[in-house]
Amino acid sequence: MQVMDFLSKKAIVTDLKSTKKEDVIKELVDVLINSGEIEKRCRNKLIDALVNRESLGSTAIGQGIAIPHAKSDCVTNLLAAFGLSKKGVDFDSLDGELAHIFFLLVAPQDSAGPHLKALARISRLLKDKYFRDTLRSCTDDKAVIKIISQEDEKKI
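Residues numbered from 1 in each chain as written. Predicted model: local features only at pLDDT ≥ 70, side-chain atom pairs only at ≥ 80, totals over all residues. Heavy atoms only, no water.

Asker: For this particular structure, what's the right way to read the pairing of strand β6 (residues 99-107)?
Answerer: The side chains of a regular strand alternate between the sheet's two faces. Most of β6 sits inside the fold, with nine of its nine residues counted as buried. Strand direction decides the pairing type here: strand β3 (residues 65-66) and β6, joined by two bridges, are parallel. If you follow Ala66 over to β6, its bridge partner there is Phe102. Two elements, strand β4 (residues 69-71) and β6, share three bridges in a ladder whose sense is parallel. Looking at the pairing, Ala70 lines up with Val106 of β6. Inspection of the sheet shows strand β5 (residues 79-89) paired to β6 by seven bridges, in the antiparallel sense. Residue pairing across strands places Leu84 opposite Ile101, the latter belonging to β6. (Buried < 20%, exposed > 50% of the residue type's maximum accessible area, 1.4 Å probe, protein only. Helix = DSSP H or I, 4+ residues; strand = E, 2+ residues; numbered from the N terminus. Pairing = 2+ DSSP bridges.)

Spelled out as structure tokens, the structure:
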């Protein structure tokens, strides 16, 4: 599974404005809506699903990374948005660090397999410090797409 298979090229933000956990989730859901990937009428339902998932335990996995995710009947296929925060956001990370790199992942209700594979794929890529640092230095969506695409080609 490759990240570019489910990451929407139109749902990439390299300068998130939000400074709070729930606001980051809202901002990334809005990016998916503005990209045409998700219908506007699903906004609140999707935000609720993501926030409820966070209440079970933070999706910040440490090293400046958070992967907020949820399942929803608002989508028919696996979908992701990407965001970078220059300042960092307190996302209740296990290591106490601020999160800078965000992959927001939304999966259909009945897709346990693809959902877990996507989470594992993203986590595996982000274990590489060079990859994380390179992503954090991106200033536009084209750079993000290029870097992720290059990693996808390397590690199939």
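Picking up after the structure, the text goes on.
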